[in-house]
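# Structural overview
One-letter residues, chain by chain:
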Amino acid sequence: MDMVRYEPWTLLNRLHREIDSLFDQRVSNGESTHLSTADWTPAVDIRDTGDAFVLHADVPGVDPKDIDISMENGVLTLRGERRHETEEERAGYKRVERVRGNFYRRFSLPDSADAEKITAKCDQGVLEITIPKQEKVQPRKIQVQS
């Protein structure tokens, strides 16, 4: 029979470390991240069409005027809100699975993205953001004078 040393504090210490790491993820440099400011996260697909990046985000039930898109320092930020129904409208429900509240997503864009020409449209609950790529600078031939 092998002797196993019993450490009663091991489990508690592990739980303490996990709680600390959870709080470290929620607060970064004094600013709250999306984990503490978002009630839900829209699913997003991103594709490269060659001359642009196209982002599709599922935002059913979100009014386009409740969506805020911003671009700063190479980071595209999506924020918005799916409004709550009033209690009178919810009366009689046996189950509510659709999440309401704020959403928040951030995406780091490559240097080739042209921030000045980003466009967005929303159709049937799908937000489409088109991020054109910058035109490639053509090499210039420099004449050497004698």
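Preceding block: the structure.
These remarks concern the structure in this document. Within any chain, residue numbers begin from 1 and follow the written order of that chain's sequence. Where totals are concerned, whole chains, interfaces and linings use all residues; where local detail is concerned, this predicted model gives features only for residues with pLDDT of at least 70, and gives and counts side-chain atom pairs only at 80 or more. Note that the side-chain values use all heavy atoms of the structure and ignore hydrogens as well as water.

### Remarks on the overall build of the protein
The condition is simple: Here a helix means four or more residues in a row that DSSP labels H or I, a strand means two or more in a row labelled E, and each is numbered from the N terminus. With a 1.4 Å probe rolled over the protein chains alone, any residue whose accessible area is under 20% of its type maximum counts as buried; one over 50% counts as exposed, and the rest are partly exposed. Residue contacts are defined here by distance: any two heavy atoms, one from each residue, within 4.5 Å place the two residues in contact. The Shrake-Rupley method, run with a 1.4 Å probe sphere, supplies the accessible areas, and residue values consider only the shown protein chains as cover.
A tally of regular secondary structure across the protein gives three helices and nine strands. Beginning at the N terminus, the succession of helices and strands in the protein can be written as α-β-β-α-β-β-β-β-α-β-β-β. Within the protein, the proportion of its 146 residues that are buried is 21%. Residue pairs at least 24 apart in sequence account for 50% of intrachain contacts in the protein once pairs closer than 6 positions are excluded. Entry remark: accessible area of the protein is about 12200 Å², with carbon and sulfur atoms responsible for 48%.

### Section: the sheet that holds strand β5 (residues 67-72)
Basically, it comes down to this: At least two DSSP bridges between two strands are needed for those strands to be called paired. To get an axis, a line is fitted to the C-alpha atoms, and for a helix only the part in contact is used. The angle between two axes follows their N-to-C directions and goes from 0 to 180 degrees.
A sheet is described by the order of its strands in space; here three strands give the open sequence β5-β6-β7, paired in antiparallel fashion. Unpaired on one side and paired on the other, β5 and β7 (101-108) mark the two borders of the sheet. Averaged over all neighbouring strand pairs, the angle between strand axes comes to 15°, with direction disregarded. Here β5 pairs with strand β6 (residues 75-82) via six bridges, running antiparallel. Bridge pairing in β6 links I69 to L78.

### A short note on the packing of aromatic side chains
Centre-to-centre distance and the angle between the planes together describe a pair of aromatic rings. Spelled out, the test is: Stacked, edge-to-face and tilted are the three classes for Phe, Tyr and Trp ring pairs, Trp counted by its six-membered ring, which pair at centre distances within 6.5 Å; planes under 30 degrees apart are stacked, over 60 edge-to-face, the rest tilted. As a reminder, the over-ring test applies to NZ of lysine and CZ of arginine, requiring each to be within 6 Å of the ring centre and within 35 degrees of the ring normal.
Applying the stated criterion across every chain yields a total of one aromatic pair. Here the guanidinium or amino end of R82 rests over the ring plane of W40, the centre of that ring lying 4.0 Å away. Sitting over the ring of F53, K133 keeps its end group 4.8 Å from the ring centre.

### Here we look at the pairing of strand β3 (residues 44-48)
Relative to strand β4 (residues 52-58), β3 runs antiparallel, the two being bridged by five bridges. Bridge assignment links D48 to a residue of β4, and that residue is F53.

### Here's the deal with the sheet that holds strand β9 (residues 126-132)
Pairing is antiparallel across the open sheet formed by four strands, whose spatial order is β3-β4-β9-β8. At either end of the open sheet lies a strand with only one pairing partner, and these are β3 and β8 (119-123). Strand-to-strand twist of the sheet, defined as the mean angle between neighbouring strand axes without regard to direction, takes the value 15°. Alignment of β8 against β9, held across five bridges, turns out to be antiparallel. The residue bridging T119 from the neighbouring strand is T130, located in β9.

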